[in-house]
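A closer look at the structure
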Amino acid sequence: MTTRPTPHVLVSGAGIAGTALALQLIRSGIRTTVIERAAAPRPGGQAVDLRGPSREAAERMGLMPGITRHQLQEEGLIYVDAHGRGYGRMAMEDFDGQGAVAEIEITRGDLVEVIAEALAEASALAVDEAGEPLLDLRYDDAIASLTQDADGVDIRFTSGRSRRFDLVVGADGVHSATRRLAFGPEERYATPLGGYGAFFTMPSPADLEPDWFSMRLVPGAMLGIRPDADPATSKAILTVRGPHDPSLRRDRAAQQEVVRQAIQGAGWHADAVLAAMEEADDFYFDELVRVDVPDLAAGRVTLVGDAGYSGSPLTGMGTAMALVGAYVLAAELAATPGDPAAAIARYGAAIAPFLEQAKKIPGGSLSTMLPRTKLLSALSKANVKVMLSRPLRPLMKRMFLAGQGAELDLPATSADAALDRVSAA
Ligand SMILES: Cc1cc2nc3c(=O)[nH]c(=O)nc-3n(C[C@H](O)[C@H](O)[C@H](O)COP(=O)(O)OP(=O)(O)OC[C@H]3O[C@@H](n4cnc5c(N)ncnc54)[C@H](O)[C@@H]3O)c2cc1C
């Protein structure tokens, strides 16, 4: 067991979870190397919610001023038919900011930028006794191999370098390579939910109700158009039912064909969405999977964010779990920097109840949310109308509160006080 007072941590993946973790680690004086497979930060993605514990984590990390600056104007969710006529509304204020649209919404890309700015600021101050920066952030690199013993983890990078670390954290998303190398194959931890999600930017259609997230349900699919930070553009969101098909992973043409087949001829703005999809430079497509890793510690390797826990974008909680997980892991490492193995055991135990709740899909499952037949789809539409009617609103509100973790507290950590001091400094 190492007796060094501060560990050297390797974080693989510079998404939300990886950069938020690095921010808190260097603020606590912990040397941190972050590697990202992409050549530059990946700014894409639609609006993400902050509520309850994730908002508190963002506050404690000092991110709220930046988030507020980029906060989206979003009034709520409106269900529309093939002609764009609304038949059900979930206004943000009727649900106290706890419905499908939360009080605080920010595009994923803007959140990536806010954390990157905080990280650059913290990095300028975080140096060791020799004046060397505590943060080493590298793009275009990934873990090629990983071997560990009781005292550390030896890493060979795809760039050809090798180095030993005290702790390795996989923050490399749903298809985490770190998880595969240290915990086992993806199939053991990721459960396909029977569909796919796609997100991209499109020109804003002229007749949309401004500042509302509009959604059209068709048999086996959902097409949404959501406000963007720039009113001239919107975010297209698609959820499509379909069988598990690994061959889709890196085939953009085949992915777009899945989307096309699902919404072609669906009326409303389906044609405009399909035309924009072909031009989009931020087209993102992935299978909807749930990730469960029962023990988040494999020796001196752990996971944060989608790599370790995800209920899929259907929960709206991916970013929340990433922020809460990063905050708690950093707090535990700051509490016992000389014993990272104990810190990651406490991290796993502290967040487990929160994750269990946050991974629940508010609508139940993809098959209930998006029935395939015309008849069941019409029934589902009628159900939306009833559930969003005034008398049933309190029930819907309770369902969202229970499903989206807003009633949960930020998991207590053994180092809250210590981290609050660094965050405020
Ligand atoms: C471009 C993009 C757009 C997204 N859009 C949406 C969206 O619109 N809606 C939604 O619900 N969710 C979206 N997500 C997922 C969402 O960001 C996560 O669910 C959530 O924020 C948790 O973040 P994370 O950091 O765990 O994972 P991610 O945000 O997926 O970040 C993982 C990071 O790890 C990097 N990486 C992957 N493999 C390796 C490797 N082998 N070595 C090093 N680095 C690696 C990735 O390039 C990425 O930067 C998007 C993710 C990305 C990357």
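See above for the structure.
These numbers were taken from a predicted model, which means no experiment stands behind them.

**Topic: the site of the ligand**
Surrounding the ligand, one finds 26 residues, the nearest of these being E36, R42, Q46, R108 and D306. One of the side-chain N or O atoms of E36 is found 2.6 Å from an oxygen atom in the ligand. Within the contact set of the ligand, an oxygen atom lies 2.7 Å away from a side-chain nitrogen or oxygen of R108. With the chains in place, 92% of the 910 Å² that the ligand exposes on its own is no longer accessible. Counting residues per element, the ones that place at least two in the shell around the ligand are helix 1 (16-27), strand 2 (31-36) and helix 9 (318-335). It is helix 9 that provides the largest number of residues to the shell around the ligand, a total of three residues. Its residues assigned to classes, the shell around the ligand comprises ten nonpolar, ten polar and six charged.

**Some points on the packing of helix 7 (residues 252-263) against helix 8 (residues 270-279)**
Interaxial distance between helix 7 and helix 8 falls to 10 Å at its minimum, and their mutual angle equals 175 degrees. As judged from the angle between their axes, helix 7 and helix 8 are roughly antiparallel. Residues R252, Q256, V259, R260 and I263 of helix 7 lie in contact with helix 8, whose contacting residues are A270, V273, L274, M277 and E278. Of the residues contributing to the contact of helix 7 with helix 8, the split by class is six nonpolar, one polar and three charged.

**Some remarks on the environment of G76**
If you trace the backbone, G76 turns up in strand 4 (residues 76-80). Judged by relative accessible area, which is 0%, G76 ranks as buried. C-alpha of G76 to C-alpha of M92: the two residues are 16 residues apart in sequence and 4.6 Å apart in space.

Procedures and definitions
Residues numbered from 1 in each chain as written. Predicted model: local features only at pLDDT ≥ 70, side-chain atom pairs only at ≥ 80, totals over all residues. Heavy atoms only, no water. Near = heavy atom within 4 Å. Polar contact = N/O pair within 3.5 Å; in protein donor to acceptor, adjacent residues only side chain to side chain. Areas by Shrake-Rupley, 256 points an atom, 1.4 Å probe, with all protein chains shown as cover. Helix = DSSP H or I, 4+ residues; strand = E, 2+ residues; numbered from the N terminus. Nonpolar A, V, L, I, M, F, W, Y, C, P; charged D, E, K, R; others polar. Axes fitted to C-alpha atoms, helices over the stretch in contact; angles between N-to-C directions. Parallel < 35°, antiparallel > 145°, perpendicular 65-115°, else oblique. Contact = heavy atoms within 4.5 Å. Buried < 20%, exposed > 50% of the residue type's maximum accessible area, 1.4 Å probe, protein only.

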